[in-house]
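# Summary of structural features
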Protein chains: 2
Amino acid sequence: MENLEAVARAERNPDQTRQRILEAAFMEMYRNGFQGMRLDEVIAATELTKGALYHHFPNKRALGYAVVDEVIIPTVEAVWLQPLKSSAEPLQGLIDVIEQMPDNEHKPPEMIRYGCPLNNLAQEMSPLDEGFRQRLDYAFRVWQDVIQQTLERAQQKRHIRAGVNCEEVATFIMAAMEGCIGLAKNAQSMERLHVCNRGLIQFIRSLQPQK
Amino acid sequence: MENLEAVARAERNPDQTRQRILEAAFMEMYRNGFQGMRLDEVIAATELTKGALYHHFPNKRALGYAVVDEVIIPTVEAVWLQPLKSSAEPLQGLIDVIEQMPDNEHKPPEMIRYGCPLNNLAQEMSPLDEGFRQRLDYAFRVWQDVIQQTLERAQQKRHIRAGVNCEEVATFIMAAMEGCIGLAKNAQSMERLHVCNRGLIQFIRSLQPQK
DNA sequence: TTAACGACAAACCAGTTGGTATGTCAATAG
DNA sequence: CTATTGACATACCAACTGGTTTGTCGTTAA
């Protein structure tokens, strides 16, 4: 009785099944893009069936949206935003996040090989699908806000000059980070990521007051 | 006789046919990515047939490679590199190129809507196909070299500090440019491109000697 | 004059893809 | 005890997609 229930619970757990689908779909989208993701591959990875997938998601697009909302955005928040929010030294915290970028989130090769999941999807889908675009734009704006707040904290501590336009600079830093990752991904070179990041850090340091 | 030849030449011009295919394929790839490009759409745009397409290109991938080699790379050279090479004032020339970015190459909306053809393809294909990756990596390196040479000229003219590492900075500038375009594309906002570009120009100005 | 060839056209094909219709089965409500 | 429902499984399909085969026709070389 107990045993049977346990088995049944293990085999039939809708929330867990849904989560497995989301994670498999994320990996497929990360590697092949949304258009390149094949539902058959998601099914194979989850060891489920097409019926199961279409029970949880009405179509491919809805699955893609759910991956953005429930996987990508929470991951960005956890990996990029949380460390910034919680750093006591805002400017150094920002530099630390950039320097630790390659080690973060996924194993190092993953990031060099496939780039940033958020930006990948944005570049692929934003001209093609307004639903994707809006979701990804939201993610970028949240991210930018956190960078901006970090810069403003640094400004209050006199770690960067008073004349610096924090909103403008935050926009640029975020764009530059994505640019660095993209370039390193195309070169398939960790060295290139480091070189590029050093340029970015040099920019951030240039915001400091001249002694 | 003359007339017949002229008609025949107009209707049967292999080089021109090939070029028409390349241009139509480029537009399809620019809008939908390589994987998203449908050969049927290329055929429809050229008003040719599948037989004609496969007469000029052995398969889809070879067509994609040819688009990179014969359309994208020459365009990058003409639009981005030539102005830099020929500018008498290197540093201001670099800034001008960035400021005129939205107007350049294609009509303004085109660039905001679909981004940079080179970077789009790089982000989509570099993890999936080594042939694409190498071609696009070559394009990025040529581009970077030109920026680096421009910076070195500026350095000789004492327009930027002697201590600046021109290779590192060139890498970063190129990455940041792509990042700015990508961000603006996701936001579908020209204003955002300008904001982001101002950050980049601020960085370039920070390389100047302090007075 | 004719055989070969280059440049395409038309028709066709096999594999893949997103999506659907139907069936099964255990849990739960009444 | 039974009807219903949620959570899947199985089988299937129409549309599409890259690619191939075969055919046409004007030009060119021998």
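Residues numbered from 1 in each chain as written. Chains lettered and ligands numbered in written order. Predicted model: local features only at pLDDT ≥ 70, side-chain atom pairs only at ≥ 80, totals over all residues. Heavy atoms only, no water.

Right, let's talk about the interface of chain A and chain B for a bit. Each side of the interface is counted separately: chain A has 44 residues, and chain B has 44 residues. Overall, the association of chain A and chain B removes approximately 3800 Å² of surface from exposure, summing both partners, and the carbon and sulfur fraction of that is 55%. Among the residues chain A hides against chain B, the three largest losses belong to Gln-123, Phe-172 and Asn-186 of chain A. Together they make up 18% of the total. Here chain A is connected to chain B by 2 salt bridges. Along the contact surface separating chain A from chain B lie 14 residue pairs in polar contact (both at pLDDT 80 or more). Elements with a minimum of two residues in the side of chain A that touches chain B: helix 2 (14-36), helix 7 (108-114), helix 8 (117-125), helix 9 (130-156), helix 10 (166-187) and helix 11 (190-205) of chain A. Split by residue class, the side of chain A that touches chain B holds 19 nonpolar, 16 polar and 9 charged. (Contact = heavy atoms within 4.5 Å. Buried area = accessible area lost by both parts, 1.4 Å probe. Salt bridge = Lys/Arg side-chain N within 4 Å of Asp/Glu carboxyl O. Polar contact = N/O pair within 3.5 Å; in protein donor to acceptor, adjacent residues only side chain to side chain. Helix = DSSP H or I, 4+ residues; strand = E, 2+ residues; numbered from the N terminus. Nonpolar A, V, L, I, M, F, W, Y, C, P; charged D, E, K, R; others polar.)

What follows concerns the relation of the copies chain A and chain B. For the pair chain A and chain B, the relating rotation is 180°, the translation along its axis is 0.0 Å, and the fit reaches an RMSD of 0.0 Å. What we have between these two chains is a two-fold relation. Comparing contact sets, 100% of the residues at the interface of chain A also lie at the interface in chain B, consistent with an isologous, same-surface contact. (Least-squares fit on C-alpha atoms with pLDDT ≥ 70 in both.)

It is worth spelling out the protein's contact with DNA strand C at this point. Around DNA strand C sit 18 residues in total, of which Arg-38, Lys-50, Tyr-54 and Lys-60 of chain A together with Thr-49 of chain B are the nearest. Here the atoms of DNA strand C within 4 Å of the protein split so that 59% fall in sugar or phosphate, with bases taking the remainder. Within the backbone of Leu-39 of chain A, an N or O atom sits 3.2 Å from a phosphate oxygen of DNA strand C. The separation between a phosphate oxygen of DNA strand C and a polar side-chain atom of Thr-17 of chain B is 3.1 Å. Sorting the residues of the surface near DNA strand C by element identifies helix 4 (50-56) of chain A together with helix 2 (14-36) and helix 4 (50-56) of chain B as the ones contributing at least two each. (Near = heavy atom within 4 Å.)

The subject of this paragraph is the protein's contact with DNA strand D. Among the 18 residues in the neighbourhood of DNA strand D, the closest are listed as Thr-49 of chain A together with Arg-38, Lys-50, Tyr-54 and Lys-60 of chain B. For DNA strand D, the backbone makes up 60% of the atoms found within 4 Å of the protein, where backbone means sugar plus phosphate. Within the side chain of Thr-17 of chain A, a nitrogen or oxygen atom sits 3.3 Å from a phosphate oxygen of DNA strand D. Between DNA strand D and Met-37 of chain B there is a distance of 3.3 Å, counted from a phosphate oxygen to a backbone nitrogen or oxygen. Elements supplying a minimum of two residues to the surface near DNA strand D: helix 2 and helix 4 of chain A together with helix 4 of chain B. Per-element accounting of the surface near DNA strand D gives the leading share, 4 residues, to helix 4 of chain A.

A few words on the domain arrangement of chain A. All names here are of chain A. The assigned domain composition of chain A is domain 1 (1-57) and domain 2 (67-205). Tallying the contact residues gives 12 residues for domain 1 and 17 residues for domain 2. Around 1300 Å² of area is buried between domain 1 and domain 2 when both sides are counted, 68% of it from carbon and sulfur atoms. Run the count over domain 1 and domain 2 and you get 1 salt bridge. Close ionic contact of Glu-70 with Arg-18 constitutes a salt bridge, the shortest N to O distance being 2.5 Å. (Domains from an automatic or database assignment.)

The subject of this paragraph is the confidence of the model for chain A. Mean pLDDT over chain A stands at 90; residues scoring 70 or higher make up 91%. Segment residues 1-10 of chain A: pLDDT under 50, and 0 contacts once partners within four positions in sequence are set aside and those in other chains are kept. (pLDDT = per-residue confidence, 0-100.)

Here the focus is the packing of aromatic side chains. Within the structure shown, the criterion is met by 16 aromatic pairs over all chains. Ring centres of Tyr-30 of chain B and Tyr-114 of chain B lie 5.6 Å apart, and the angle between their planes is 55°; this geometry places the pair in the tilted category. Linking Tyr-30 of chain B in helix 2 with Tyr-114 of chain B in helix 7 (residues 108-114), this pair joins segments that are 84 residues apart in sequence. Its end group placed over the ring of Tyr-65 of chain A, Arg-135 of chain A keeps NZ or CZ at 4.0 Å from the ring centre. (Phe/Tyr/Trp six-rings, centres within 6.5 Å; stacked < 30°, edge-to-face > 60°. Lys NZ or Arg CZ within 6 Å of the ring centre and 35° of its normal.)

A word on helix 2 of chain B. All names here are of chain B. With 23 residues, helix 2 should cover 33 Å at 1.5 Å per step; its first-to-last C-alpha distance of 26 Å lies more than 12% under that length. Maximum bend of helix 2: about 90°, positioned at Tyr-30. All buried positions along helix 2 are accounted for by Thr-17, Ile-21, Leu-22, Ala-24, Ala-25, Phe-26, Glu-28, Met-29, Tyr-30, Gly-33, Phe-34 and Gly-36. (Expected span 1.5 Å × (residues − 1). Bend = angle between axes of the 7 residues up to and from the residue. Buried < 20%, exposed > 50% of the residue type's maximum accessible area, 1.4 Å probe, protein only.)

Before going further, it helps to examine the packing of helix 6 (residues 90-99) of chain A against helix 11 of chain A. Residue and element names in this part refer to chain A. Where helix 6 meets helix 11, the axes come as close as 10 Å, and the angle between the chain directions of the two elements is 175°. One way to sum up the angle between helix 6 and helix 11 is to call them roughly antiparallel. In this structure, helix 6 uses Leu-91, Gln-92, Leu-94, Ile-95, Ile-98 and Glu-99 to contact helix 11, whose residues at the interface are Asn-197, Leu-200, Ile-201, Ile-204 and Arg-205. Here the contact of helix 6 with helix 11 is composed, by residue class, of 7 nonpolar, 2 polar and 2 charged. (Axes fitted to C-alpha atoms, helices over the stretch in contact; angles between N-to-C directions. Parallel < 35°, antiparallel > 145°, perpendicular 65-115°, else oblique.)

This part takes up a negative patch on the surface. A grouping of Asp-145, Glu-152 and Glu-167 of chain A together with Glu-191 of chain B is seen on the molecular surface, where their side chains present a negatively charged patch. Using a relative accessible area of 31% as the deciding quantity, one classes Glu-152 of chain A as partly exposed. (Patch = residues over 30% accessible without salt bridge, like charges linked within 9 Å, V, L, I, M, F, W, Y side chains within 5 Å. Areas by Shrake-Rupley, 256 points an atom, 1.4 Å probe, with all protein chains shown as cover. Lys, Arg positive; Asp, Glu negative; His and termini not counted. Charge placed at Lys NZ, Arg CZ, Asp CG, Glu CD.)

Let's shift gears to the side chain of Asp-137 of chain B. Summarising the element assignment, Asp-137 of chain B is placed in helix 9 (residues 130-156). Aside from chain neighbours lying at most four places away, what touches Asp-137 of chain B is Asn-186 and Ala-187 of chain A.

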